[in-house]
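Coordinate analysis (summary)
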Amino acid sequence: MCGIVGYIGQNDAKGILLNGLARLEYRGYDSAGIALLNQDGIQMTKVKGRVAVLEEKADEGISGSLGIGHTRWATHGVPSIINAHPHQSGTGRFIIVHNGVIENYEALKREYLKDVSLISDTDTEIIVQLMEKLFERFQDTRTAFCETMKLLKGSYAIAMIDAEDRNTLYVSKNKSPLLIGIGEGFHVVASDAMATLKETNRYLEIHDEEVVLLTSDTVTIQTLTGEELERESYTVELDLSDIEKGTYSHYMLKEIDEQPFVLRRIIEEYQDENNGISIDPAIRIAMQQADRIYIIAAGTSYHAGLVGKGFIEKLAGIPVEVHIASEFNYNMPILSDSPLFIFISQSGETADSRAVLVQIKKMGFPALTITNVAGSTLSREADYTLHLHAGPEIAVASTKAYTAQLAVLVLLAVDTAETKEVTLDFDPIRELAIAANAIEVLTDQKETIENLARDYLTTTPNAFFIGRSADYYVAMEGALKLKEISYIQAEGLAGGELKHGTIALIEEGTPVIALATQVYVNYSIRGNVQEVAARGANTLIISMDGLNEENDALVLPEIHELLAPLVSVIPLQLLAYYAALHRDCDVDKPRNLAKSVTVE
Ligand code: M6R
């Protein structure tokens, strides 16, 4: 959600900003803009729509070696050029880009800006107008910037230019991600290192409620009260090829195909020299001490949590509750005596999950984050982290992070069982390796799956996914994938629930996709398929070798039943991908969605 790029150095910032914004497109946005400062003053270009349009418009000869850029995902005010960032103060002296939400912007407007006529509907404009007010009072940009930050409540990542000073870029953050990139004779600022990896792989963290002043050669980090701080930089272990599409037409397809490699990498990362599981001993102790586990997550990660509950309960014997992050704080269950909270999040930045983390930390409970992004907020603020090692996931629709989440969860469950000396007839390393091979078999069947997508999903307004037991959770994930990228209204249901209401929606030709990978519900899910077929549904069964019957549309290679959700999701991801393609949708950047949802 929203992206920031900034540059200060000797070169022209325009190309760096535009390239960086293009790399942040995956986060989701609806307008974009850049501002550059040179000897003639500020030059600003903003557009509603894509960075490519901004690029065309910015071609009109603007330049400068200090600049800030932004992609905006609308929260306060519609997507428009006026509401797009950067925003400028009344006199034009201060120019700002901002990610996050200023919760007290109405109060700030009433108290400080009664006499200011605002141009946009954004909370961001309040910050820059406030900056100007406080500059009038303090006559010093650094002091006014710190004083402005002190007044803000909510989340923000901010980069600001003072048009009277071509040598300084002002930066601050609270709860929203922002990094400083360090180069020879330049500095960059970015919401995500991916944006500026071409420029540098050395980065510095900014902590909440800090102010950073950047020149071409210096970085000054200070608290809001002016105390200067030292911080070591670190190297980002990312390669440009990790974040490029290569020969693929879409990131989503590349990421679907990467899943076998991701599983093999997870095996490598979590296997010890005796072919056992290697997990941080502190996590082992936390798992052993828990009398109940609370999994907190959103979207696809929530679906992974539902499957993970089965792993932990069946293998390690610890009761698990899975909660939607945005609901938990408002509807908190009665907690057990010794709970452990597990946050599952690809991005590690989901604001809804973070709100729960903040709350449960206040209550003194331990937290483990399972995430794909080392150094992300949820990772830093939890007591422990398990990494997914899935490599950057850029398509908005999550695919490889989901299978990675399941793989890490099963390893955690088995490891916990072993430390509790439970004897298991299940070798997770072997079974994950078999699952990786099975996924490869399926990703080789793209043509078959594309044909199914064409036949079942090209023109339909709606679709249903059904399953029982673990297949039900995969059905929910299949429905989410389909709706988010193809805009087909889709629902994932427990097969047994159909006749309690939803079957009323079945008409001649309604697609119903059923999963049949679980032995003890195979008979009953097939019964549910018969019920909808009798009412005209266009049914498609995805089963597993050994449980298959004549006319099943797709038969998955046989794998351990517990791990079926890692494999049965693959055809659903591919069905969604091809359905979106055939319906001419923007697969990687679906409308209204953002990759990391950094506002509650
Ligand atoms: O980064 P997170 O895993 O915390 O994100 C949670 C959801 O926003 C995310 O899974 C979303 O549902 C995806 N677009 C699904 O494909």
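Structure first, text after, so check above.
Criteria and cut-off values
Residues numbered from 1 in each chain as written. Predicted model: local features only at pLDDT ≥ 70, side-chain atom pairs only at ≥ 80, totals over all residues. Heavy atoms only, no water. Pairing = 2+ DSSP bridges. Helix = DSSP H or I, 4+ residues; strand = E, 2+ residues; numbered from the N terminus. Contact = heavy atoms within 4.5 Å. Axes fitted to C-alpha atoms, helices over the stretch in contact; angles between N-to-C directions. Near = heavy atom within 4 Å. Polar contact = N/O pair within 3.5 Å; in protein donor to acceptor, adjacent residues only side chain to side chain. Areas by Shrake-Rupley, 256 points an atom, 1.4 Å probe, with all protein chains shown as cover. 1 Å grid on protein atoms, 1.4 Å probe; cavity = no way out; pocket = protein on both sides within 12 Å on 5 of 7 lines; lining within 4 Å. Sits in = over half its atoms within 2 Å of the grid points. Nonpolar A, V, L, I, M, F, W, Y, C, P; charged D, E, K, R; others polar. Domains from an automatic or database assignment. Salt bridge = Lys/Arg side-chain N within 4 Å of Asp/Glu carboxyl O. Buried < 20%, exposed > 50% of the residue type's maximum accessible area, 1.4 Å probe, protein only. Points joined across faces, edges and corners; volume = space filled by probe spheres on them.

The strands making up a sheet associate through backbone hydrogen bonding, with each pair oriented either parallel or antiparallel. As summarised here, the arrangement of the seven strands in space is E5-E6-E7-E8-E12-E13-E14, forming an open sheet in which the pairing is antiparallel. Across the chains shown, the open sheet's two edge strands, defined by having one partner strand only, are strand E5 (87-88) and strand E14 (228-229). Of the strand pairs in this sheet, E5 and strand E6 (residues 94-99) are connected by two bridges, and their pairing is antiparallel. If you follow Gln88 over to E6, its bridge partner there is Ile95. Relative to E6, helix H4 (residues 124-138) is tilted by about 140 degrees, and along the sheet it contacts E5, E6 and strand E7 (156-162).

A separate point is the site of the ligand. Not every one of the 15 residues close to the ligand is listed here, only the nearest: Ser301, Ser345, Ser347, Thr350 and Glu484. One of the backbone N or O atoms of Thr300 is found 3.0 Å from an oxygen atom in the ligand. Protein chains shield 92% of the accessible area of the ligand, which is 410 Å² for the free molecule. Judged by its atoms lying within 2 Å of the grid points, the ligand is housed in the second largest pocket. For the shell around the ligand, the secondary structure elements donating two or more residues are helix H9 (299-316) and helix H16 (470-486). For the shell around the ligand, a count of residues per class yields five nonpolar, eight polar and two charged. Both of domain 2 (248-441) and domain 3 (445-589) provide at least three residues apiece to the shell around the ligand.

A separate point is the pattern of salt bridges. If you walk through the whole model with that rule in mind, you get 30 salt bridges. A salt bridge links Arg380 to Glu205, with the nearest nitrogen and oxygen atoms 3.9 Å apart. On the criterion of sequence distance, the pair formed by Arg380 in helix H12 (residues 377-381) and Glu205 in strand E11 (residues 202-205) is long-range, its members being 175 residues apart. Judged by its relative accessible area of 35%, Arg380 is partly exposed. A relative accessible area of 23% means that Glu205 is categorised as partly exposed. With a shortest N-O distance of 3.1 Å, Lys309 and Glu313 are connected by a salt bridge. Within this pair, Lys309 and its partner Glu313 are both found in helix H9, separated by four residues, close to a single helical turn. Taking the relative accessible area as the measure of exposure, Glu313 reaches 30% and is therefore partly exposed. Ionic contacts of the salt-bridge type, sharing partners, join the residues Lys173, Asp208, Arg354 and Glu381 into one network.

Looking now at the layout of surface pockets. Here the largest pocket is characterised by a volume of approximately 1100 Å³. What lines the largest pocket is a set of 43 residues, among which Val236, Leu238, Asn372, Val373 and Ala374 lie closest to the centre. Residue assignment for the lining of the largest pocket shows that the elements contributing at least two residues are strand E15 (234-235) and helix H7 (259-270). Broken down by element, the residue count for the lining of the largest pocket peaks at three residues, all from H7. Looking at the lining of the largest pocket residue by residue, the classes come out as 17 nonpolar, 12 polar and 14 charged. The residue makeup of the lining of the largest pocket includes at least three contributed by each of domain 1 (3-241) and domain 2 (248-441). Computed from the structure, the second largest pocket encloses a volume of approximately 610 Å³. Looking at the second largest pocket, it is lined by 25 residues, and the ones nearest its centre are Ala298, Gly299, Thr300, Lys595 and Val597. Where the lining of the second largest pocket is concerned, the elements lending two or more residues are H9, strand E18 (339-345), helix H11 (351-362) and H16. A total of five residues in the lining of the second largest pocket trace back to one element, the largest contributor, which is H9.

Don't take any of this as a statement about function, it's just geometry.
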